[in-house]
Amino acid sequence: FLRLLSAFRVLRIIRVLKARKLTKAKAKIINILAHLLISVCCILLITAAVLYELEGLPFDEGVYLGVVTMSTVGYGDVSCKTRWGRFFMMGFIVVCIVYIPMKCTELINVLSQNKYRSSVYRYSPHVVAIVSSKTRPESVQVFL
């Protein structure tokens, strides 16, 4: 149990990064990524513990089943045998299908906002010429 608590030291990364006075955008991106990573790890550990109790699966097989199910690969070599284990895995699948894409969408929205980009394209009045190997005078006139 103490080893599990030591995994939460990752939360200190957020404090260290804030101390370095990162921009709001970078801090928000790192915050979302940290939350996603920590929550996925917690979901996997809880899943392995519950499967140990319900199914009697060893802890490493429970984590393996959680990763395979979460990634939607579903090899089928390890599966739940009891009714309660199957119900739990159905809930696990629903949580993974809802939560992970929600956090990924939040990250994509932050990344796609113009104010978070390091540079923005600005229009340049300079003339740009495109030359290809099969340029004919007619096609240049159409282009101009």
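For every chain, the first residue of the written sequence is number 1, and numbering continues from 1 along that sequence. Note on the predicted model: pLDDT of at least 70 is required for a residue's local features to be given, and 80 or more for side-chain atom pairs to be given and counted; whole-chain, interface and lining totals, by contrast, use all residues. Based on all heavy atoms of the structure, the side-chain values leave hydrogens and waters out of the count.

Asker: Could you give an account of the pattern of salt bridges, with specific residues and numbers?
Answerer: The rule for a salt bridge is simple: a side-chain nitrogen of Lys or Arg has to be within 4 Å of a carboxyl oxygen of Asp or Glu. Tallying each qualifying case throughout the model produces 1 salt bridge. One salt bridge in this structure joins K103 and E106, with 3.5 Å as the shortest N-O distance. Remark: E106 and K103 occur in helix α5 (residues 83–112); sequence separation between them is 3 residues, near one turn of the helix. Think of it in three bands: residues with accessible area under 20% of the maximum for their type are buried, residues over 50% are exposed, and the middle band is partly exposed, with areas taken using a 1.4 Å probe on protein chains only. Classification of K103 by relative accessible area gives buried; the value is 12%. In this text, helices come from DSSP runs of H or I with a minimum length of four residues, and strands from runs of E with a minimum of two, each type numbered from the N-terminal end.

Asker: I'd like to hear about the packing of helix α4 (residues 59–70) against α5, residue by residue, with values.
Answerer: Here an axis means a line fitted to C-alpha atoms, over the contact stretch when the element is a helix, while the angle between two N-to-C directions is reported on a 0 to 180 degree scale. Across the interface, α4 lies against α5 with an axial gap of 10 Å and an inter-helix angle of 50°. Taken together, the axes of α4 and α5 lie oblique to each other. By crossing handedness, the relation of α4 to α5 is classed as right-handed. Each of L65, G66, T69 and M70 in α4 lies in contact with α5, whose residues at this interface are M89, F92, I93, C96 and I100. Residue composition of the contact of α4 with α5, by class: 7 nonpolar, 2 polar and no charged. Geometric relationships in this document are graded by angle, where less than 35 degrees denotes roughly parallel, more than 145 denotes roughly antiparallel, 65 to 115 denotes roughly perpendicular, and other angles denote oblique. Helix crossings are classified by the rotation of the near helix relative to the far one: an anticlockwise turn of less than a right angle makes the crossing left-handed, while a clockwise turn makes it right-handed. Here a residue-residue contact requires only that any non-hydrogen atoms of the pair lie within 4.5 Å. Put simply, Ala, Val, Leu, Ile, Met, Phe, Trp, Tyr, Cys and Pro go in the nonpolar bin, Asp, Glu, Lys and Arg in the charged bin, and everything else, Gly too, in the polar bin.

Asker: Before we move on, could you go through the state of the cysteines and cite the residues and values that matter?
Answerer: Defined by distance alone, a disulfide is two cysteine sulfur atoms within 2.5 Å. Taken as a whole and judged by the stated rule, the model has 0 disulfides. Free of any disulfide, C42 has its nearest neighbouring cysteine sulfur in C41, separated by 7.0 Å. Exposure remark for C42: the relative accessible area of 24% places this residue in the partly exposed category.

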